[in-house]
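Residue strings, one per chain:
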Amino acid sequence: MKLLDNPGAPNPARIRIVLAEKGIDDQMQFEKVSLIAAEHKQDEFLKKNPLGVLPVLQLDDGTYLSESTAITEYLDNLDGHPVLTGRTPKEKGVIHMMQRRAEAMVLDPIGIYFHHGTPGLGAQLQVYKSPEWAHRTEWAARERAKAEAGLSYFNGVLEATPFVAGEQFSMSDITLFVGLLFADLAGIPIPERYTALAAWRVKVSDRPSVKNRSGQSLDADDLRSLGF
Ligand SMILES: N[C@@H](CCC(=O)N[C@@H](CS)C(=O)NCC(=O)O)C(=O)O
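Keep in mind the model is a prediction, meaning the values are calculated, not measured.

Parameters and conventions
Residues numbered from 1 in each chain as written. Predicted model: local features only at pLDDT ≥ 70, side-chain atom pairs only at ≥ 80, totals over all residues. Heavy atoms only, no water. Helix = DSSP H or I, 4+ residues; strand = E, 2+ residues; numbered from the N terminus. Rg over C-alpha atoms; globule rule 2.2 N^0.38 Å. Buried < 20%, exposed > 50% of the residue type's maximum accessible area, 1.4 Å probe, protein only. Contact = heavy atoms within 4.5 Å. Areas by Shrake-Rupley, 256 points an atom, 1.4 Å probe, with all protein chains shown as cover. Lys, Arg positive; Asp, Glu negative; His and termini not counted. Charge placed at Lys NZ, Arg CZ, Asp CG, Glu CD. Core = buried A, V, L, I, M, F, W, Y, C linked by side-chain atoms within 4.5 Å. Domains from an automatic or database assignment. 1 Å grid on protein atoms, 1.4 Å probe; cavity = no way out; pocket = protein on both sides within 12 Å on 5 of 7 lines; lining within 4 Å. Points joined across faces, edges and corners; volume = space filled by probe spheres on them. Near = heavy atom within 4 Å. Polar contact = N/O pair within 3.5 Å; in protein donor to acceptor, adjacent residues only side chain to side chain. Sits in = over half its atoms within 2 Å of the grid points. Expected span 1.5 Å × (residues − 1).

**Some thoughts on the overall build of the protein chain**
Summing up its helical and strand segments, the protein chain has ten helices and four strands in all. Along the protein chain, helices (α) and strands (β) appear in the sequence β-α-β-α-β-β-α-α-α-α-α-α-α-α when read from the amino end. Here the C-alpha radius of gyration of the protein chain, 17 Å, is about what a compact globule of 228 residues would show, namely 17 Å. Counting over 228 residues, the protein chain shows a buried share of 46%. For the protein chain, contacts bridging at least 24 residues in sequence account for 68% of all contacts bridging at least 6. When the accessible surface of the protein chain is summed, it comes to about 11100 Å², and 54% of that surface belongs to carbon and sulfur atoms. Between the centroid of the 25 positive side chains of the protein chain and the centroid of its 30 negative side chains there is a distance of 3 Å.

The following block contains the structure:
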């Protein structure tokens with residue numbers, strides 16, 4: 001199996017955490033596709049994922065799987081013992097629902113804000129982000145406000161349950177956790193009054209899969225091309 005990703009990018013980080021949770025990092029090859037160089041918007045990559053986003057998992061039979069949830073479900077079920085996507089019909093349903101809320105209410109709007117309301121990953125990628133659209137900044141600000149409301153919602157969820165989908169750590173925690181990483185990258189502060197969210201974040205950060213996962217930061221070339 002080969003994972004097409006860009007180390008340090010939020011959505012690919014979801015899969016790095018999954019690999020570490022499942023203990024299967026050593027079964028994976030990694031191939032870097034540079035987001036900063038917009039390699040994911042070129043024809044060769046679009047044949048693998050027409051949505052032009054990372055991560056993509058290439059299976060040994062040549063199948064390309066995209067969407068972090070689809071990749072997570074595949075990897076979680078490989079050994080017949082899913083631990084991140086649910087075992088019973090009810091667990092599967094609740095995890096799927098909460099995962100989607102974490103995407104729609106936090107991770108995705110932050111991504112839109114980052115790419116459209118800030119310089120994002122730089123000039124080469126901005127060409128693909130509708131720079132001519134006059135209302136772009138207002139739209140990005142609305143997405144940021146949506147994400148801020150999402151953070152409040154999840155603080156409430158985590159006041160009631162230890163993890164996003166209930167008693168067990170799951171794919172939905174990974175999505176929200178990466179949403180908070182993306183908030184940091186996009187310069188969106190997480191209000192200190194969200195104490196349940198903060199305590200949960202510390203707990204998740206302490207998981208070996210999160211602490212020791214590979215590919216945690218943008219590499220030196222990436223940082224140089226961004227002017228750091
Ligand atoms: N729904 C996708 C989202 C993937 C996504 O947005 N990936 C980001 C990397 S963090 C990306 O490739 N962004 C490139 C772009 O927006 O041009 C998933 O679940 O994998």
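Right, picking up where we left off after that structure.
**Looking at the nonpolar core**
Within the largest apolar cluster, 56 residues are counted, with the highest numbers of intra-cluster contacts made by L57, L75, I110, F154, L176, L197 and W200. Taken together, the elements giving at least two residues each to this core come down to β1 (2-5), α1 (10-22), β3 (56-58), α3 (68-77), α4 (89-117), α6 (136-160), α7 (171-186) and α8 (195-205). At eight residues, the largest contribution of residues to this core is made by α7. The two domains that each donate at least three residues to this core are domain 1 (2-84) and domain 2 (89-207).

**A short note on the layout of surface pockets**
Roughly 700 Å³ of internal volume is contained in the largest pocket. Around the largest pocket sit 33 residues that line it, and N11, V53, L54, D108 and H115 are the ones nearest its centre. Put simply, the parts of the chain that give the lining of the largest pocket at least two residues each are α1, α4 and α7. No other element matches the nine residues that α4 contributes to the lining of the largest pocket.

**Comments concerning the site of the ligand**
Around the ligand sit 16 residues, and of these H40, L54, E67, S68 and K129 come closest. Contact distances for the ligand include 3.4 Å between a nitrogen atom and a side-chain N or O atom of N11. A distance of 2.9 Å separates an oxygen atom of the ligand from a polar side-chain atom of H40. Contact with the protein chains hides 87% of the accessible area of the ligand, taken as 520 Å² for the molecule alone. If you map the ligand onto the pockets, it falls in the largest pocket. Put simply, the parts of the chain that give the shell around the ligand at least two residues each are α1 and α4.

**Remarks on α6**
Taking 1.5 Å as the rise per residue, α6 with 25 residues should run 36 Å; its terminal C-alpha atoms sit 37 Å apart, in good agreement. Among the residues making up α6, those that are buried are R136, A140, E143, A147, G150, L151, F154, N155, V157 and L158.

**Quick look at unusual backbone geometry**
Cis rather than trans, the peptide bond between L54 and P55 has omega equal to 10°. Inspection of the secondary structure puts P55 in the loop between α2 (43-46) and β3. In this structure, A38 takes a positive phi of about 60° despite not being glycine. With respect to the helices and strands, A38 occurs in the loop between β2 (29-32) and α2. In the Ramachandran plot, E67 falls in the positive-phi region, its phi being about 80° despite a non-glycine side chain.

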